[in-house]
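Fold and contact review
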Amino acid sequence: MQQNLKKNIPNLLSLFRLIVTFWLILKIVQGNFQGLLVLFVVGCASDFLDGYLARTFKWETSLGKILDPLADKIFMGGMFVALTFISPIFPLWMTGLVIGRDLLIMSGVFVLWKMKRLKKINPSFVSKLNTNFQMLLVFVGLISLEYNLSSIYVKFLLFPIAFTTILSFIDYGKIGTKILFHNERL
């Protein structure tokens, strides 16, 4: 019984991240930036912590394999949409790139899963790097908005993050192609 409770800690962290996401989006759209940096950092920390606990202590569950990546996509996608909605410093093309990449990857994963070719997919190094850069961009954007600072730092980060976003999409495309056409399974 206690082991089952422990195995659900990563799932609870993913659920927490979903709740935090909707709270952050609401506050961003309302223009209330007070305390958002801390809440955003806590949301980011829950992303790292749930994966660490699941891998380290073998607390992975079937629900977690779906919930964690879904919570990740909703968390970051929600931040990009909300910040693009309220501020010109987050351009629509960047939000489209981030969300488009995630939708295409999730569609590919779904197709491979339905074909019974995919059991589990581990995030690649490039994907982890990209996620960290995206989190940095949102963090810098929230700082710029909360403290009414120059958006030059956000603009400076846009193209490197666009590059890693495209690179991680290509990386997952290679993995998906290998699974689909070379009869490999992951």
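Described below are features of the structure shown in this document. Along each chain, residues carry numbers from 1 onward, in the same order as the chain's sequence is written. Side-chain atom pairs in this predicted model are given and counted only at pLDDT of 80 or more, local residue features only at pLDDT of at least 70, and totals for whole chains, interfaces and linings cover all residues. Heavy atoms from the whole structure form the basis of all side-chain values; hydrogens and water molecules are not counted.

**A word on the side chain of Ser127**
- Here a helix means four or more residues in a row that DSSP labels H or I, a strand means two or more in a row labelled E, and each is numbered from the N terminus. For Ser127, the position within the fold is in helix α6 (residues 125-146).
- When sequence neighbours within four positions are dropped, the list of residues in contact with Ser127 reads Arg101, Ser168 and Tyr172. Contacts were defined at the residue level, with two residues in contact if any of their heavy atoms lie within 4.5 Å.

**Remarks on the environment of Ser150**
- Along the chain, Ser150 turns up in the loop between α6 and α7 (152-181).
- Sequence separation between Ser150 and Ile89 is 61 residues, and the spatial gap between their C-alpha atoms is 9.5 Å.
- N or O atoms closer than or at 3.5 Å make up a polar contact, with two conditions inside protein: a donor-capable atom paired with an acceptor-capable one, and, for residues adjacent in sequence, both atoms drawn from side chains. Polar side-chain contacts of Ser150 include one of 3.1 Å to the backbone nitrogen of Ile152.

**A word on the nonpolar core**
- Among the nonpolar cores identified, the biggest contains 28 residues, and Phe40, Leu137 and Val138 are the most heavily contacted of them.
- Elements with a minimum of two residues in this core: α2 (9-30), α3 (36-56), α4 (62-86), α5 (92-114), α6 and α7.
- Broken down by element, the residue count for this core peaks at six residues, all from α4.
- Those residues in contact with Leu137 that lie beyond four places of it in its chain are Phe80, Phe90, Met94, Val154, Leu157, Leu158 and Ile161. The set of buried Ala, Val, Leu, Ile, Met, Phe, Trp, Tyr and Cys residues whose side-chain atoms join them within 4.5 Å is what this entry labels a nonpolar core. Residue burial is assigned from relative accessible area. The probe radius is 1.4 Å, only protein chains are included, and a residue is buried under 20% of its type maximum, exposed over 50%, and partly exposed in between.

**Here we look at unusual backbone geometry**
- Although it is not a glycine, Lys58 adopts a positive phi angle of roughly 60°.
- Secondary-structure assignment places Lys58 in the loop between α3 and α4.
- In this model, Asn148 sits at a positive phi of 55°, which is unusual for a non-glycine residue.
- Residue position: Asn148 is located in the loop between α6 and α7.

**Quick word on the pattern of salt bridges**
- Salt bridges are defined as contacts in which a side-chain nitrogen from Lys or Arg sits within 4 Å of a carboxyl oxygen from Asp or Glu. Scanning the entire structure with this criterion turns up five salt bridges.
- Among the salt bridges present, the one from Asp50 reaches Arg17, with a minimum N-O distance of 3.0 Å. Of this pair, Asp50 sits in helix α3 while Arg17 sits in helix α2, placing them 33 residues apart in sequence.
- For Arg101, the salt bridge goes to Asp102, with nearest N and O atoms at 2.4 Å.
- Take Asp102: its relative accessible area is 6%, and that puts it in the buried class.
- Each of Arg17, Asp50, Asp68 and Asp72 takes part in one network of salt bridges that share partners.

**Observations regarding the packing of α4 against α5**
- Working convention: axes come from line fits to C-alpha atoms, limited for helices to the stretch in contact. Angles between N-to-C directions cover 0 to 180 degrees. Direction vectors running N to C along α4 and α5 enclose 160°, while the axes themselves pass 9 Å from each other. Here α4 lies roughly antiparallel to α5, going by the angle between them. Crossing of α4 over α5 shows left-handed handedness. Contacts between α4 and α5 involve Lys73, Gly77, Phe80, Val81 and Thr84 from the former and Leu92, Met94, Thr95, Val98, Ile99, Arg101, Asp102 and Met106 from the latter. Each angle receives one of four descriptions, namely roughly parallel if under 35 degrees, roughly antiparallel if over 145, roughly perpendicular if within 65 to 115, and oblique otherwise. The sense of a crossing depends on the near helix, which, turned anticlockwise from the far helix by less than a right angle, makes the crossing left-handed and, turned clockwise, makes it right-handed.

**Quick look at the packing of aromatic side chains**
- Between rings of Phe, Tyr and Trp, where Trp is taken as its six-membered ring, a pair exists when centres lie within 6.5 Å; planes separated by under 30 degrees are stacked, by over 60 edge-to-face, and by other angles tilted. Inspection of every chain in the model, using the stated rule, returns five aromatic pairs.
- Relative to Phe159, the ring of Trp93 lies with its centre 5.4 Å away and its plane at 25°, an arrangement referred to as stacked. Placement of the pair is Trp93 in helix α5 and Phe159 in helix α7, with a sequence separation of 66 residues.
- Taking the relative accessible area as the measure of exposure, Trp93 reaches 40% and is therefore partly exposed.

**Digging into the environment of Asn11**
- Along the chain, the position of Asn11 falls in helix α2.
- Taking the relative accessible area as the measure of exposure, Asn11 reaches 5% and is therefore buried.
- Between the C-alpha atom of Asn11 and that of Trp59, which follows or precedes it by 48 residues, the distance is 9.3 Å.
- Excluding residues within four positions of it along the chain, Asn11 makes contact with Thr61, Leu63, Gly64 and Leu67.
- In terms of polar contacts, Asn11 uses its side chain to reach the side chain of Asn8, at 3.1 Å.

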